[in-house]
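Letter by letter, the chains look like this.
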Amino acid sequence: MSREADVFADALDLSGGERRVFLEQACGADAVLRARVEALLVAHEKGRSFLPGPLAQAHVASPSSGEAEVIPHYRLMERIGEGGCGVVWLAEQGEPLRRQVAVKVIKLGMDTKEVIARFDAERHALAMMDHPNIAHVFDAGATAAGRPFFAMELVRGPRLTEFCDTNRLTMPARLELFVQVCRAIQHAHVKGIIHRDIKPSNVLVASHDGLSVPKVIDFGIAKATAGRLTDHTLYTGIEQMIGTPIYMSPEQFDPAGHDIDTRSDIYSLGVLLYELLSGRPPFDPATLADGGLEGLRRLIRETDPIKPSTRLSALGHDERAAIARQRGTDPQHLVRILRGDLDWIVMRCLEKDRSRRYETAGELARDLEHFLRREPVAARPPGTLYRFARLAARHKVLAASLATAAAILVLVAAGATAVAVRARRAEQAEAQQASRTDLTLGSRLIEDGRVSEGLAFLVRAAQSDPGNHAIGPRLLSVLAYRNFPRPIGRAFAYAGLLRDSGYSADGQQLGIVASDRRYVWSLPDGKLQQANDPRVFFHDGDVVSAWSGDLRRLAAGGREGSIRVWDAASGEPALRPLPHEGSVTNVLFSPDQRWIASAANHGNAGGASVKIWDAVSGELRASLPFDVERREGIPEGGVRFSPDGSRLLVTTGGTQWGIWKVPGGEPAIWPQRVVSPRLNGKGAFSPDGRFVAITDLKGAQLYETATGAPVGPHLDHEDQCGYVAFSRDGTRLATCSPDEQVRLWLLSSLAKPQFVLRHGFGVQSAFFTAGDGHLVTLASDEVVRIWNTATGELAVEPDRLAKVQRMAVTGDGREFVTFGRFENAARRWQMPAGSLAPAQTATDPKRRNVRFSFQVPEAYVCFDDRVETIALPTLRPTRPPRYFPANVVPKAAVTSFDGLDVAAILESGKCELWNLREETPIRHPLANVGMNRAGLRVWFKPGSPLFCAHYHDPESLACRLDFWDRRSGAKIRTEVRTASEPNQVDVSPDDRLVAVGTAGHGVELWDLASGRKLGDSVVAPVAVTGVRFSPDGRLLAVSSGDHAVRFWKVETREAVGLPLKHPYPVTNQKFCSDHRRFVTTTWSEVRVWEIATGAQLVPSMSPRIERGDPLEAMWMDDDRMIATISTKGVVRLFDSATGQLLLEPFPTRSHQRYGFRATDRYVAVNSDTGISIWPLPPLGLQAPVPGWLLRLATATAGGTLDRFAAFRAQPADAETFESIRREIDRLPANAPYVAWGRWILTDPGRRPPSPEGD
Amino acid sequence: MWPEDHRVNPGEITLLLRRAGEGDAQAADRILPLVYEELRRLAAARMAQEAPGQTLQPTALVHEAWLRLGGEAQPEWKSRAHFFFAAAEAMRRILVDKARRKHALRHGGALQKVSASATGFDVAAQDLDDEALLRLNDALEALIAHDARKAEVIKLWYLVGLTLEEVAQVLGVNEKTVRRDLAYAKAWLFDEISRQR
């Protein structure tokens, strides 16, 4: 530290006189130093608000934002909003837990005590709400200045209406979000909470993992402030009032005002929906302002609003067009969408008479879903007569003309019956239309993870339009690229409610105790061994039960205190009751079935005990007393045998845990005390018994069994950890928590989780499958999810195993069983074996430097030490790998597009080229580029012998581009030097010119032969983002930062045609070889343009950008097909002539990608998880969709659509698949899609990597 | 268009960081262009996910770049330090670049308000307008010349958003020193900017 800095920093710690004395001493005679330090001290004082915090959080309240609030236990950090009612702060809560919250400080002069009291009255009900779309209000209180405040869950995001408009959400997308809002309100209503103040500013859209999640905020606040917030606002000024009261129901304006119920929220939802759909609220805020409070009251209580579609039609042309644009459509179409069902749905919410509104928000949500599925909605009156009558009553004149119209309609209808042919044609057209709609809906559902439902829609599309041959490949793409658990055998039905279930230790039997009967199935032959009346087994107060490993005995216990052990076969008691004091919380057999361990809590007095019994004689072998408080106790799951049965782990729900020897009960390690966080009484031994994992209210902690010493840091969760599972090899640990996550930890590095598996719902239990390849979890949404433990991704379509109340797994993890919530059946499932992709090349995920090139019939995969060649379509290696010379380990390699050459950047910074087709090992460099430069990049020009290297030249600070002929290895004389970094480079088709785009400098054209820059640059209005020569070399397409593409004549540098404008930056562009069309990609869509006219030739091909998954790259091999990949790795293939999907979008489950290629037969992705090549089902086959394919799709979906287009589950069993397989086997091998059908139905472990293979 | 391989290779940076951590100065020099590139690419990709008009947080960006470049494979702060030095410098250049461009556009008479996203990336600097940022940058450059470590503290804390504790780890000094350095650097910059005006 310099002297100046030292003196300054020391002086800072002192004040006044002390500081003066110190400065005198420290500076002595050095007047310069003294002056400098004093200047700095002054600067320090003056500059207190200078750089108050890191730039990222630079919104920390500046002194100008008014008087600072002080609130106990909260640290106000940033002012995030201000409204008529108060100020909202971002704050950090210190106690009881540290978290960021939003704090709303109420501005108005209200009785703080009253507000808090009213909030307290509802606090309990508020705490009961638990819904992903509801932001919690945690706390209410008074600030130091005496104002009421509310602390609530922090939601960062725009208002729902704003969000939809900025993102140009389509009507269905808007409705989908709105349905979630309805569900949230419904949830609150069920818990007895009325919101009372639903309006756009209280419905925000947060972004979670790229998903847009609407969140309703401010629950309970309107009630606590007793509506005075709104009322008061009315009087404080017209400015502030606008926006609030137009969302209030008529009854909220009632001066009596106390009679508010849930239907008031329905009205407000209706106003919100009205605005969301039509762009305007039902009443014009401007009119409201004129009428004053009284006028407003009258308007809302007495005037019927006009229908959204009418309101929209009544707007000016420009306004209407703007609103339609925000909805991704045109005004006519928008009115068409609104007119009819949506009008009715909205108007039903807005009924003045609340008994005519929807009864519940759930009903409203359902009706909207009906609309989305093209089903009849409930909002329409039963007959048109009802409305007609209402209308007639009001408008007598209109009624007369309507009557005439009706008469004409009748005549037309009569005429129509005579023209039956035309009717049939119309019917056919309608079927085709319905089929197209089903296809669209199906695709959307599949993308949303509702794959089963989506498949059912595709099946129906194929059925209603058998002439649509394009559906075959779409179905196959779903069946082949996605994983579905395969059923084993038949489902076992049982009677009554499920009480307990389990596999026998050897996995050969499955035992189920239902409330009415008890069953043991022998699994190999599916025989039911026994079934008898089990009422004897369970007493009313029983809460826990356990099977012995051989399923011969069953132990149960509960509030009665004693434990009863039964002979499962005879239903007779196997032992006399084993006495326990208090209420039994645990009972379990040891792995060798010799011992029974049990635990009980003693009740109000506190204390608990654990006992070990001889399972054969019933003799008590050990009794371990626990001195614990009443609220501690030993919870269910708190007692565990070690895998070898020699130890017993006991964890309390408080601060103690320990391990005892079996059966004597001698303490092995005891007592182990934990201060914080408190335990919650779930523990588990590692498979080798060396470690135990103990759960607590903030996660879990691993300990060494022998010493009780903690291993690694605490494994944190945001909430308690309710379940832990070790992997079978003991190297990993999965912790499950109600914080909606499973965290997967490597025992070798516990500092942070290896993967966080997000469920969106609290997770109850989990297990690893055989070989630890998958983790199976059950969450509170009753969905079983299967995760790939190597990637942390979902391995199986998530909706396939839904409505599951319980699951069990065999000891070896090879199969598991699910018990449905609404069907009394146990279904057995096989683990999805094999890889995720149908064909993933044998890559080495540890080696990241992988490049590939793709030249049918071969693909070249270039690792950092070798090149492998893979045959297409079998996806098997064709020859032994060729290794780079052992002393040359390239740190990066690039392959040419034709697969003939590879360039490697060596450790030394040099770059060398090799030819790949050489049959002898690659040894001699073709060309030694010989550079040793920072930022070196090399690339091959597709279809040309040119090889280019690009690097920063540190001497001249310029960027250089060097070119070689890769055939001869000769360097082309030219050196292209640009002052600023070239953004984009393209070489003309004849290899004569180089176009270099630079930020802010337009596009420079260089002649490669002469090495000279050609005359003027082409200048784009803003930074150039892309450059392309046309295939004939005459045009240059330049995309720029204004999101437009412009064309220039290469010869004259004249602009040609109109700029092609886009809403987002253009990320990729390509000329079609027909010289007519041009394809552009933005983050949101792919467009096909006609160059001459600047017109779009087909509708934009759009991924679901509103779902936060924008396009990353586009690839066109020939002009017919456009392939895209999104940032989440979802691949879509479009027909460039129609814009229609050729296959269902499929996830490639890749994270960071380096390359993406597609032909009409393969899609290949090069990513950090390796290279996967996806063979495509035959496209464009003129063959009807075979019947077996529809049956296979239906069986895989496990259900069909009913006539209301609702999905009806009909799970298929193994026999169904077997019969389809037999049917395919009878077909000739070259019949359409047969190879694919066989491949799909073959056990993943035994099939070739590609359906086209071998 | 660049062909596909125009991307930062995560393996590459891991290697460089390790070697820089072992004292290879050449490796350290090569980190900056890679990090700069990745930050720009990330910023562009993030913009795709944000609604138009929204900005990005430098801290989030840097940390994401850290993860994406495989930085978590670097348990040692010693080698992490090189990444954060590079990130701080890269972020400074990005911010200054952006401010200059916007500044130039405004003074170039562009009528319509040009979103910075038009340049492909956009980084939040809510508290500072462009001119203030450019002034700060000038002062920062003077500070680099005067006392490079204190400038580093400002860059890491202010631009990258590291906590004081993290800054201390990166610089290999104790937190108290960082606190003192920061106070000094802030006063120094404030004084410098006041005199410039």
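Residues numbered from 1 in each chain as written. Chains lettered and ligands numbered in written order. Predicted model: local features only at pLDDT ≥ 70, side-chain atom pairs only at ≥ 80, totals over all residues. Heavy atoms only, no water.

1. Thoughts on the overall build of chain A
Within chain A, the regular secondary structure consists of 23 helices and 70 strands. A total of 1254 residues make up chain A; the buried ones form 55% of that total. Contacts in chain A between residues far apart in sequence, at least 24 positions, make up 49% of those at least 6 positions apart. (Helix = DSSP H or I, 4+ residues; strand = E, 2+ residues; numbered from the N terminus. Buried < 20%, exposed > 50% of the residue type's maximum accessible area, 1.4 Å probe, protein only. Contact = heavy atoms within 4.5 Å.)

2. Describing the overall build of chain B
When helices and strands are tallied, chain B shows eight helices and zero strands. Taken over 197 residues, chain B has a buried fraction of 58%. Looking at chain B alone, contacts between residues at least 24 apart form 69% of all its contacts between residues at least 6 apart. Carbon and sulfur atoms make up 49% of the accessible area of chain B, which totals about 8200 Å². (Areas by Shrake-Rupley, 256 points an atom, 1.4 Å probe, with all protein chains shown as cover.)

3. As for the pairing of strand S30 (residues 741-746) of chain A
Residues and elements named next belong to chain A. A large share of S30 lies buried, amounting to five of its six residues. Hairpin geometry of strand S29 (residues 732-736) and S30 is characterised by an intervening segment of four residues between the two adjacent antiparallel strands and by a positive phi of about 75 degrees at Glu-740. When S30 meets strand S31 (residues 755-758), the two strands line up antiparallel, connected through four bridges. Within S31, the position partnered with Gln-741 by the bridge is Arg-758. (Pairing = 2+ DSSP bridges.)

4. What about the sheet that holds strand S21 (residues 647-651) of chain A?
Residue and element names in this part refer to chain A. Here four strands make up an open sheet; going across it, the order is S20-S21-S22-S23 and the pairing antiparallel. Taken across any chain shown, the strands that pair with only one partner, and hence form the sheet edges, are strand S20 (639-641) and strand S23 (667-673). Looking at each pair of strands side by side, their axes are set apart by 10 degrees on average, direction ignored. The pairing of strand S22 (residues 656-661) with S23 spans four bridges and is antiparallel. Considered in S23, the bridge of Trp-657 is made with Gln-672. (Axes fitted to C-alpha atoms, helices over the stretch in contact; angles between N-to-C directions.)

5. Remarks on the side chain of Asp614(A)
Residues and elements named next belong to chain A. With respect to the helices, strands and loops of the structure, Asp-614 is situated in strand S18 (residues 608-614). In this structure, Asp-614 is buried with no salt-bridge partner, the nearest side chain bearing the opposite charge being Arg-621 at 4.1 Å. Polar side-chain contacts of Asp-614 include one of 2.8 Å to the backbone nitrogen of Val-616. Ignoring any residue separated from it by four or fewer positions in sequence, one finds Asp-614 in contact with Leu-575, Arg-594, Trp-595, Glu-619 and Arg-621. (Lys, Arg positive; Asp, Glu negative; His and termini not counted. Salt bridge = Lys/Arg side-chain N within 4 Å of Asp/Glu carboxyl O. Polar contact = N/O pair within 3.5 Å; in protein donor to acceptor, adjacent residues only side chain to side chain.)

6. What to know about the pattern of salt bridges
All names here are of chain A. Using the criterion set out here, one finds 42 salt bridges over all chains in the structure. Notably, a salt bridge pairs Glu-38 with Arg-34, separated by 3.2 Å at the nearest N-O pair. Here Glu-38 pairs with Arg-34, and both are found in helix H3 (residues 31-46), just four residues apart, close to one helical turn. A salt bridge links Lys-199 to Asp-197; its shortest N-O distance comes to 3.3 Å. For the residue pair Lys-199 and Asp-197, the accessibility class agrees, reading buried in each case. Each of the salt bridges in this network shares a partner with another, and the network as a whole consists of Glu-1218, Arg-1221, Asp-1225 and Arg-1238.

7. Remarks on H3(A)
Given 3.6 residues per helical turn, the α-helix brings residues three or four places apart onto the same face. Residues and elements named next belong to chain A. In this model H3 runs 22 Å from its N-terminal to its C-terminal C-alpha over 16 residues, within 8% of the 22 Å that 1.5 Å per residue would give. Among all positions in H3, only Leu-33, Arg-36, Val-37, Leu-40, Leu-41, Ala-43 and His-44 are buried. Down the axis of H3, the buried set is contained in an arc of 160 degrees. They therefore lie on one face. When the buried face of H3 is taken as reference, the exposed residues oriented beyond 90 degrees from it are Ala-31 and Lys-46. Measuring from the backbone nitrogen of Val-32 back to the side-chain oxygen at the start of H3 gives 3.3 Å, which picks out Asp-30 as the cap. (Expected span 1.5 Å × (residues − 1). Arc of directions from axis to C-beta.)

8. Looking at the confidence of the model for chain B
Should the pLDDT be low somewhere, the predicted coordinates at that spot are not to be read in detail. Residue and element names in this part refer to chain B. On average, chain B scores 66 in pLDDT, and the residues at 70 or more come to 55%. Ranking the elements of chain B by mean pLDDT puts helix H3 (residues 58-68) last with 64 and helix H8 (residues 175-196) first with 87. Below a pLDDT of 50 lies the segment residues 106-127, which in the model reaches 48 contacts outside its immediate sequence neighbourhood of four places, other chains included. (pLDDT = per-residue confidence, 0-100.)

9. What about the packing of aromatic side chains?
All names here are of chain A. Summed over the entire model, instances satisfying the criterion amount to 18 aromatic pairs over all chains. With a centroid separation of 4.3 Å and an interplanar angle of 10 degrees, the aromatic rings of Phe-492 and Trp-521 are classed as stacked. Of this pair, Phe-492 sits in strand S8 (residues 486-493) while Trp-521 sits in strand S11 (residues 518-522); the two residues are 29 residues apart in sequence, bridging distant segments of the chain. Owing to a relative accessible area of 7%, Phe-492 belongs among the buried residues under this scheme. Aromatic pair Phe-1146 and Trp-1174: ring centres 4.9 Å apart, planes at 45 degrees, arrangement tilted. Taken together, the positions of Phe-1146 in strand S65 (residues 1146-1147) and Trp-1174 in strand S68 (residues 1170-1175) put the pair 28 residues apart, joining distant regions of the chain. For Phe-1146, a relative accessible area of 1% corresponds to the buried category. (Phe/Tyr/Trp six-rings, centres within 6.5 Å; stacked < 30°, edge-to-face > 60°.)

10. Description of the packing of helix H1 (residues 3-12) of chain A against helix H2 (residues 16-27) of chain A
All names here are of chain A. In the contact formed by H1 and H2, the axes pass within 10 Å of each other and the chain directions differ by 160 degrees. Taken together, the axes of H1 and H2 lie roughly antiparallel to each other. Classified by chirality, the crossing of H2 by H1 is right-handed. Contacts from Arg-3, Val-7, Asp-10, Ala-11 and Leu-12 of H1 reach H2 at Arg-19, Phe-22, Leu-23, Ala-26 and Cys-27. Within the contact of H1 with H2, the residues separate by chemical class into seven nonpolar, no polar and three charged. (Parallel < 35°, antiparallel > 145°, perpendicular 65-115°, else oblique. Left-handed = near helix turned anticlockwise from the far one by under 90°. Nonpolar A, V, L, I, M, F, W, Y, C, P; charged D, E, K, R; others polar.)

11. Remarks on the sheet that holds S29(A)
Residues and elements named next belong to chain A. If you walk across this open sheet you meet the four strands as S28-S29-S30-S31, and the pairing is antiparallel. If you trace the sheet from one side to the other, it starts and ends with strand S28 (723-726) and S31, each paired once. When the angles between neighbouring strand axes are averaged without regard to direction, this sheet yields 20 degrees. Relative to S29, S28 runs antiparallel, the two sharing four bridges. Bridge assignment links Phe-726 to a residue of S29, and that residue is Leu-733.

12. Structural notes on the state of the cysteines
Applying the stated criterion across every chain yields a total of zero disulfides over all chains. Free cysteine: Cys736(A), not disulfide-bonded; nearest cysteine sulfur from Cys721(A) at 6.5 Å. (Disulfide = S-S within 2.5 Å.)

13. Thoughts on the environment of Lys191(A)
Residues and elements named next belong to chain A. Residue position: Lys-191 is located in the loop between helix H6 (171-190) and strand S6 (203-208). On a C-alpha basis, the gap between Lys-191 and Asp-130 in space is 9.6 Å, while along the polypeptide they are 61 residues apart. Setting aside residues up to four positions removed in sequence, Lys-191 forms contacts with Ala-125, Met-128 and Met-129.

14. Overview of the environment of Pro880(A)
Residue and element names in this part refer to chain A. Assignment of secondary structure puts Pro-880 in strand S41 (residues 876-883). Given the relative accessible area of 61%, Pro-880 is considered exposed. Separated by eleven residues in sequence, Pro-880 and Thr-869 place their C-alpha atoms 7.9 Å apart.

15. Examining unusual backbone geometry
Residues and elements named next belong to chain A. A cis amide bond links Val-662 to the next residue, Pro-663, at an omega of 0 degrees. Looking along the chain, the bond that leaves Trp-670 and enters Pro-671 is cis, with omega of -10 degrees. Take Pro-671: it is sitting in strand S23. The phi dihedral of Arg-196 falls on the positive side, at around 75 degrees, and the residue is not glycine. With respect to the secondary-structure elements, Arg-196 resides in the loop between H6 and S6.

16. Looking at the confidence of the model for chain A
Residues and elements named next belong to chain A. Confidence in the prediction for chain A averages 78 pLDDT; 79% of positions are at 70 or higher. The least confident element of chain A is helix H9 (residues 238-241), whose mean pLDDT is 32; the most confident is S29, at 95. Here residues 381-405 is a poorly scored stretch, pLDDT under 50, and it has 16 contacts once near neighbours within four places are set aside; other chains count.

17. Focus: the pairing of strand S17 (residues 595-601) of chain A
All names here are of chain A. Among the seven residues of S17, six are classified as buried, and the element is accordingly described as predominantly covered. Pairing analysis gives six bridges linking strand S16 (residues 583-589) to S17, with the strands arranged antiparallel. When the bridges of S17 are listed, Asn-586 appears paired with Ala-599. Where S17 lies against S18, seven bridges are found, and the strand directions are antiparallel.

18. Some words on helix H20 (residues 471-481) of chain A
Burial analysis of H20(A) places eleven of its eleven residues in the buried class, the great majority of the element. Among the residues of H20(A), Ile471(A), Gly472(A), Pro473(A), Arg474(A), Leu475(A), Leu476(A), Ser477(A), Val478(A), Leu479(A), Ala480(A) and Tyr481(A) are the ones counted as buried.

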